[in-house]
Amino acid sequence: CGQILYIQANGVYTTFICEDNKKYSIRKPLRNWEDELREFGFCCPHRSYIVNFQHVEAMDANYITLKNGESLPISRRHAKQTKNAYKDYCLSKLI
């Protein structure tokens, strides 16, 4: 797998979607990955996704657009946390 674009919940499985268009499923719920990956620039914008900020092209109030053109939803529940995490990620890249 190349770089991870995002991770998607699939029941008790988690599917990793990679930049080389390969997908890998692991039997571990999505919620178990969030804390482990946060320090590496990942964030959970929706209960079904964890996104790698390295691959974000744009973000609006409802969606994250990845550099490959895919869009992932941002839930109202996770909107503020996601925007703050992305702002912190962008600022850390400037330093």
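Thresholds, definitions, all that
- Residues numbered from 1 in each chain as written.
- Predicted model: local features only at pLDDT ≥ 70, side-chain atom pairs only at ≥ 80, totals over all residues.
- Heavy atoms only, no water.
- Pairing = 2+ DSSP bridges.
- Helix = DSSP H or I, 4+ residues; strand = E, 2+ residues; numbered from the N terminus.
- Axes fitted to C-alpha atoms, helices over the stretch in contact; angles between N-to-C directions.
- Patch = residues over 30% accessible without salt bridge, like charges linked within 9 Å, V, L, I, M, F, W, Y side chains within 5 Å.
- Areas by Shrake-Rupley, 256 points an atom, 1.4 Å probe, with all protein chains shown as cover.
- Salt bridge = Lys/Arg side-chain N within 4 Å of Asp/Glu carboxyl O.
- Phe/Tyr/Trp six-rings, centres within 6.5 Å; stacked < 30°, edge-to-face > 60°.
- Buried < 20%, exposed > 50% of the residue type's maximum accessible area, 1.4 Å probe, protein only.
- Lys NZ or Arg CZ within 6 Å of the ring centre and 35° of its normal.

A. How the structure looks around the sheet that holds strand β5 (residues 49-52). What the 5 strands build is an open sheet, ordered β3-β2-β1-β5-β4; its pairing is antiparallel. Each edge of the open sheet carries a strand with a single partner, namely β3 (23-26) and β4 (42-46). Adjacent strand axes in the sheet meet at a mean angle of 20°, parallel and antiparallel pairs treated alike. For strand β1 (residues 4-10) and β5, the ladder comprises 3 bridges, and the chain directions are antiparallel. When the sheet's bridge partners are listed, Gln8 is paired in β5 with Tyr49.

B. How the structure looks around a nonpolar patch on the surface. Nonpolar side chains collect at one region of the surface, where Leu91, Leu94 and Ile95 lie side by side and expose about 410 Å² of accessible area between them. Within the element layout of this structure, Leu94 appears in helix α2 (residues 79-94).

C. Molecular detail of the packing of aromatic side chains. Here the structure, examined in full by the defined rule, presents 5 aromatic pairs. Seen in terms of ring centroids, Phe16 and Trp33 are 5.1 Å apart; in terms of plane orientation they differ by 90°. Their pairing is edge-to-face. Pair noted here: Phe16 is in strand β2 (residues 13-18) and Trp33 is in helix α1 (residues 31-37), with a separation of 17 residues, a long-range link. For Trp33, a relative accessible area of 13% gives the class buried. Sitting over the face of the ring of Trp33, Lys28 holds its NZ or CZ atom 4.0 Å from the ring centroid.

D. The sheet that holds strand β7 (residues 63-66), seen in detail. Ordered in space as β6-β7-β8, the 3 strands form an open sheet in which the pairing is antiparallel. Among the strands making up the open sheet, the edge pair consists of β6 (56-59) and β8 (71-73). Averaged over all adjacent pairs, the angle separating strand axes in this sheet is 25°, with direction ignored. Summarising the sheet, β7 and β8 pair through 3 bridges and their orientation is antiparallel. Bridge pairing in β8 places Tyr63 opposite Pro73.

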